[in-house]
Amino acid sequence: MTKDHATVWGNCLQTIRKNVNQQSFKTWFDPIKPVRLDDNALTIQVPNKFFYEWLEEHYVKLLKTTIRRELGQNGRLEYQILTKSAVAAAPNGKLNYNNGNSNGNGATAKKNGGKAGAFAPGMLDSQTIKNPFVIPGIRKIKVDPQLNPNYLFDNYIEGDCNRLARSAGVAIAKKPGGTSFNPLVIFGDVGLGKTHLAHAIGNEVRQSFPSKTVLYVSSEKFTNQIIQSIKNNAVNDFVNFYQLIDVLIVDDIQFLARKQKTQEIFFHIFNQLHQNGKQIILTSDRAPKDLDDMEERLISRFKWGLSADLQAPDLETRIAILEAKMNQEGVELPADVTEFICYNIQNNIRELEGVLVSLIAQSSLNRQEVDIELAKRVIRNFVRQINKEITVDYIQNLVAEHFSLPVEKLQGKTRKRQVVIARQLSMYLAKNLTDKSLKAIGENFGGRDHSTVIYSCKTVSDLMETDMIFKDTVSELEKKIKLSLHDQ
């Protein structure tokens, strides 16, 4: 008798239920829906990428056993990772598939079964260089570039904070070793995208120039390789190997500090590569001039090309980065949640991504919609304090900063138009966003009475109806207060 996808998956669930506890079954297998059965491939739908990765990491053997029991040794399992927006956007709530890819509204992940090991999680190849040496005289080498294929220019969001560095990286990728940006030193604080940009350059070079040898190596790994080469009396082989690289990327160059032998060897490799027109890309947590315990001759060479710093991204860039990551993960967040995260995570892109992953995990594990309250709980693990009571003082300071005024002006007697507008706007926001009485609000503005507060609020409301620029200003300040300060 021919089995359908629902029957096959139902039989699988009977086996799975006997091998996992009730809570795990409810959390990880109840939400799964069988989609279709094609030959020996059963397609199941899971809520998101995190869900899929969890199944692959924790239940791969169990899934393999149950699928093969139902479909035979050639049986395999395929995953359909689908967002809610995909179903809503597709005709009749259904998606059309072609070779395992959705029509753009969802995402599909496939893992083949059998001896090909397709039930194993999708992971990068080993990040270790098994043998960094070559036989002397062999000029053509094949090297694992050690690049992360997910770090590309396409998903490196450009903003004022990184425009110079990204533009230089694009120019290098088009003409490695042939620009004045050699070496390119990318520096900035932790989590601002230095490593991503360095990998993106390497990946673009490999795409455009397949014959060029690209290698990414951390300074720690580079140092360890030198130590091993010294132990094995193979320093010359080590240097020969690195001199054959066309594009060398060394991450966290500041960790070469106080390592005299490593600096000496790197100095010779640097010189040889630079003289031969090979591209050198370095990342650091500080500018070359601020590198301590580094040989002066090395620092001077780091300054030959371009030193480009990465700054903390502004709010708009952070939102764009988070939305790009959401799109990559196949998830959606409400707009107010996205803005709330980006208001509170300001200086570290890595933390933005960490908050997103944590939100997805919490939502999947607890079967909970992502909202502001869930975001607040998650962000507490990343920042020490995000929630304070909204006070009249805070509103006054925020408005005074926006209008470039001393906060004392709002509490004083001056009748200058700009100060009056700022004062009235502060009263309006205080009335709408705090639980203070009109009398209490007036007292915070130099002892004014409640009628002054009422008049100010009406004036602001009337002005918002006739002046769209002023209305946008009020909305922006109101949103900033709501997102950055929530009651405990």
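Cut-offs applied
Residues numbered from 1 in each chain as written. Predicted model: local features only at pLDDT ≥ 70, side-chain atom pairs only at ≥ 80, totals over all residues. Heavy atoms only, no water. Helix = DSSP H or I, 4+ residues; strand = E, 2+ residues; numbered from the N terminus. Buried < 20%, exposed > 50% of the residue type's maximum accessible area, 1.4 Å probe, protein only. Contact = heavy atoms within 4.5 Å. Core = buried A, V, L, I, M, F, W, Y, C linked by side-chain atoms within 4.5 Å. Phe/Tyr/Trp six-rings, centres within 6.5 Å; stacked < 30°, edge-to-face > 60°. Lys NZ or Arg CZ within 6 Å of the ring centre and 35° of its normal.

### Re the overall build of the chain
Part 1: Of regular secondary structure, the chain possesses 21 helices and 9 strands.
Part 2: For the chain, buried positions account for 48% of its 488 residues.
Part 3: For the chain, the share of sequence-separated contacts (at least 6 apart) that also reach a separation of at least 24 residues comes to 72%.

### Brief notes about the nonpolar core
Part 1: Counting 29 residues, the largest nonpolar core has Ile395, Leu425, Tyr428, Leu429 and Val474 as the members making the most contacts within it.
Part 2: Those elements that place two or more of their residues in this core are helix 16 (392-402), helix 17 (407-411), helix 18 (417-433), helix 20 (450-466) and helix 21 (468-484).
Part 3: Among the elements that take part in this core, helix 18 stands out by supplying 9 residues, more than any other.
Part 4: If sequence neighbours within four positions are ignored, Tyr428 has contacts with Cys457, Val460, Ser461, Met464 and Val474.
Part 5: If you look at the next biggest cluster of nonpolar residues, it comprises 28 residues, including Val143, Leu215, Ile245 and Leu256.

### Looking at the packing of aromatic side chains
Part 1: If you walk through the whole model with that rule in mind, you get 11 aromatic pairs.
Part 2: On the basis of an interplanar angle of 85° and a centroid distance of 5.6 Å, the ring pair of Phe222 and Phe266 is categorised as edge-to-face. Of the two residues, Phe222 sits in helix 8 (residues 219-231) while Phe266 sits in helix 10 (residues 260-275), which places them 44 residues apart along the sequence.
Part 3: With a centroid separation of 5.1 Å and 90° between ring planes, the pair formed by Phe241 and Tyr242 is classed as edge-to-face.
Part 4: The class for Phe241 is buried, based on a relative accessible area of 3%.
Part 5: The rings of Phe222, Phe238, Phe241, Tyr242, Phe266, Phe270, Phe302 and Trp304 are connected pair by pair, giving a single aromatic cluster.
Part 6: Across the ring face of Phe209, the terminal group of Lys212 is positioned such that the distance to the ring centre comes to 5.9 Å.

### As for unusual backbone geometry
Part 1: The residue after Asn182, namely Pro183, is reached through a cis peptide bond having omega 5°.
Part 2: Looking at where Pro183 falls in the secondary structure, it is placed in the loop between helix 6 (163-174) and strand 5 (184-188).
Part 3: Unusually for a residue other than glycine, Asn233 sits at a positive phi of about 55°.
Part 4: For Asn233, the position within the fold is in the loop between helix 8 and helix 9 (235-242).
Part 5: Asn233 sits in the exposed class, given a relative accessible area of 74%.
Part 6: The backbone of Arg258 sits at a positive phi, close to 70°, despite the residue not being glycine.
Part 7: Topologically, Arg258 is positioned in the loop between strand 7 (247-251) and helix 10.

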